[in-house]
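Observations on the model geometry
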Amino acid sequence: MTDTHLALRYLPNLLTIIRLLLIIPISYSLLIERYHLALLLFIVAAASDGLDGFLARKFGWHSRFGAMVDPLADKLMLMAAYIMLTILGHFPLWLTATVIVRDLVIVSGAVSYHFLVGQYEFKPSRIGKLSTFLQIMLALLTIMHLTLLTIPTYISVALIFSVAVVTVMSGLDYVWVWSQKYRQETKRKS
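These lines cover the structure that appears in this document, whether it is placed above or below. Quick caveat, the model's predicted, so the values are computed rather than measured.

Rules and cut-offs
- Residues numbered from 1 in each chain as written.
- Predicted model: local features only at pLDDT ≥ 70, side-chain atom pairs only at ≥ 80, totals over all residues.
- Heavy atoms only, no water.
- Helix = DSSP H or I, 4+ residues; strand = E, 2+ residues; numbered from the N terminus.
- Buried < 20%, exposed > 50% of the residue type's maximum accessible area, 1.4 Å probe, protein only.
- Salt bridge = Lys/Arg side-chain N within 4 Å of Asp/Glu carboxyl O.

So, about the overall build of the protein. A tally of regular secondary structure across the protein gives seven helices and zero strands. Ordered by position in the sequence, the α and β elements of the protein form the string α-α-α-α-α-α-α. Reported as C-alpha extents along the three principal axes, the dimensions of the protein are approximately 55 × 45 × 25 Å. The buried share of the protein, taken over its 190 residues, is 39%.

For the structure on display, the rule yields five salt bridges. A salt bridge links Arg19 to Asp49; the shortest N-O distance between them is 3.3 Å. Placement of the pair is Arg19 in helix H2 (residues 11–31) and Asp49 in helix H3 (residues 35–59), with a sequence separation of 30 residues. For Arg19, a relative accessible area of 2% translates into the label buried. Ionic pairing is found between Arg19 and Asp52, a salt bridge with its closest N-O pair at 2.8 Å. Within this pair, whereas Arg19 is found in helix H2, its partner Asp52 is found in helix H3, the two being separated by 33 residues in sequence.

Looking now at unusual backbone geometry. Despite not being glycine, Glu33 has its phi angle at roughly 60 degrees, a positive value. Looking at the secondary structure, you find Glu33 in the loop between H2 and H3.

Structure representation (structure tokens):
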């Protein structure tokens, strides 16, 4: 393996770190209502997420760091955007609380599983992917509404309730699936 190939192997991790670093300027841009800048940075972050996933799959550049930090970066980015958009009055508090509680349940469940059972392979479920997609779409469309185009109120309201329902369903799904895995592991070990 050449030095260049070895260095390129860590490119997905570098993109994940860049995405983590973008959370602060995106949040600040939203807070000071510089929505065009926030939109641009949000798009850069989304593109880096897509690119790091593509590189990891295409070239097999997977790492334990990427497997753990990449979804965390996505969650932190979304949480920060939701918190800022709630502070500014664009999202209802209950929606942001729902998104944050679901993510805290998932993270605390993963940490508990790790300490009680051992290492795990976390793969997002279909409903989890749908939840994340809808959350991203709502944040993106809201920021676009504040900058470029008018999104009809009924679309925003429908998307808010869709995000809430799918987020709750996704959280319940993760709790169910991982509690079943925990039961199977404890039975296997006893």
